Amino acid sequence: TAYCPPNNEPIARVRQASLEDYEETVRKAKEAWKVWADIPAPKRGEIVRQIGDALRQKIKVLGSLVSLEMGKIYVEGVGEVQEYVDVCDYAVGLSRMIGGPVLPSERSGHALIEQWNPVGLVGIITAFNFPVAVYGWNSAIAMICGNACLWIIAKVLEDNKIPGAVCSLVCGGADIGTAMARDGRMDLLSFTGSTEVGKQVALMVQERFGRSLLELGGNNAIIADTLYGPLHTKEAVKMFLDAVEQAKQQGGSVVYGGKVINRPGNYVEPTIVIGLAHNAPIVHTETFAPILYALKFKEEEEVFAWNNEVKQGLSSSIFTRDLGRIFRWLGPKGSDCGIVNVNIPTSGAEIGGAFGGEKHTGGGRESGSDSWKLYMKRSTCTINYSKDLPLAQGIKFQ
């Protein structure tokens, strides 16, 4: 049963998949990939363009559903679907640009090229807090690269006479996620979720020498935004209260908020805490809740170090008009995060850049820049079109 965070009322019942359903889905997806991989990349891009158009037609309805199901305010729900649309547009152009270089060969009569091919089947395990965007930026790029995906966009595929299993969906719990992580047929597993679960996924995938793309926890406190929706579940409210209590026990003072709002649903007050040490355990803990820990600093060097001492490394930002400080922040002794901003908040990101973080955030990159390479495998190819058979490095067997 799915419950609506604003009032905790049930809004839908969904039948979850069994392991038998999963097995059938993967088998059909692998078969569908044989068809999809033979379609030229620009034509795959055209189908992804149609997916973007289908989303545009229902963007307000889908945005409302995101808001109802996971608690985001309506404009953020619509914005998340818009992000999927934007990534589809980006992927269309990318479908005519992916490829490797022709490299100079040291041997005459030889050509040295990089060939990029799809990895095959991409498993995408998405998170509750971005139910649409995370799937969108994975699947749109993966599809134009020639991969089948475990998720679904049915009608567009049917209209183009493409097997629906190219984009399959399995709704399930930890048993399905574990099966995906351990399944050797999963050529790439993209996981978005907590660092704790991400570690387990990484170990299971590595055990079979598989390939993973991890987008894990962040801890980017910077701005107290008073326009927000409820927390996702009752358990999240408890985590909020526990975090506030821990902050107090560790020497912090709550100067604003800190309480549950007395109304239906999972609403809590935006909370500002001062007086904590930079290395207090709660400051280093990712809490999915509107809590801001405000820390005072004296020197630039120390506050850069505080930013980097936490285990997470997703997003960071500095507000300054000092040009030197900006470039020190961006430089080798500045922020060690995957996203390093100046004079903008840490939330949100443009789709043209690679999205992801370092350290316990997992090191994966999704969406823009050269993230497409993660969904493909690279071959270095040497072609001899001469009549001789010279060896590299000038080696000759006498």
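Here, the structure is the one placed above.
Given the structure is predicted, the values throughout are model-derived calculations rather than measurements. (Residues numbered from 1 in each chain as written. Predicted model: local features only at pLDDT ≥ 70, side-chain atom pairs only at ≥ 80, totals over all residues. Heavy atoms only, no water.)

Draft legend 1. View of a nonpolar patch on the surface. Where nonpolar side chains cluster on the molecular surface, the patch consists of Val-255, Tyr-256 and Ile-274 and spans about 280 Å² of accessible area. Residue position: Tyr-256 is located in strand 9 (residues 253–256). (Patch = residues over 30% accessible without salt bridge, like charges linked within 9 Å, V, L, I, M, F, W, Y side chains within 5 Å. Areas by Shrake-Rupley, 256 points an atom, 1.4 Å probe, with all protein chains shown as cover. Salt bridge = Lys/Arg side-chain N within 4 Å of Asp/Glu carboxyl O. Helix = DSSP H or I, 4+ residues; strand = E, 2+ residues; numbered from the N terminus.)

Draft legend 2. Representation of the packing of helix 7 (residues 174–182) against helix 8 (residues 195–207) within the structure. In contact at an axis separation of 7 Å, helix 7 and helix 8 are set at 35° when each is read in the N-to-C sense. In this structure, helix 7 contributes Thr-178, Ala-181 and Arg-182 to the contact, and helix 8 contributes Val-201, Met-204 and Val-205. Here the contact of helix 7 with helix 8 is composed, by residue class, of 4 nonpolar, 1 polar and 1 charged. (Axes fitted to C-alpha atoms, helices over the stretch in contact; angles between N-to-C directions. Contact = heavy atoms within 4.5 Å. Nonpolar A, V, L, I, M, F, W, Y, C, P; charged D, E, K, R; others polar.)

Draft legend 3. Just the nonpolar core, in detail. Within the largest apolar cluster, 52 residues are counted, with the highest numbers of intra-cluster contacts made by Ile-51, Tyr-84, Ile-141, Met-143, Trp-372 and Tyr-375. By residue number, the principal contributor to this core is helix 5 (residues 133–144), which donates 9 residues. Of all hydrophobic cores here, the second largest spans 21 residues; its members include Ala-148, Ile-176, Met-180 and Met-204. (Core = buried A, V, L, I, M, F, W, Y, C linked by side-chain atoms within 4.5 Å. Buried < 20%, exposed > 50% of the residue type's maximum accessible area, 1.4 Å probe, protein only.)

Draft legend 4. Representation of the packing of aromatic side chains within the structure. Enumeration over the complete set of coordinates arrives at 5 aromatic pairs. Sitting over the face of the ring of Phe-130, Lys-72 holds its NZ or CZ atom 3.7 Å from the ring centroid. The aromatic ring of Tyr-267 is capped on one face by Arg-263, whose charged end is 3.8 Å from the ring centroid. (Phe/Tyr/Trp six-rings, centres within 6.5 Å; stacked < 30°, edge-to-face > 60°. Lys NZ or Arg CZ within 6 Å of the ring centre and 35° of its normal.)

Draft legend 5. Quick peek at unusual backbone geometry. Positive phi, normally seen in glycine, also occurs at Asn-8, with a value near 60°. Mapping Asn-8 onto the fold places it in the loop between strand 1 (2–4) and strand 2 (9–12). Located in the positive-phi region is Ser-367, a residue other than glycine, with phi close to 75°. Mapped onto the elements of the fold, Ser-367 is located in strand 17 (residues 366–367).

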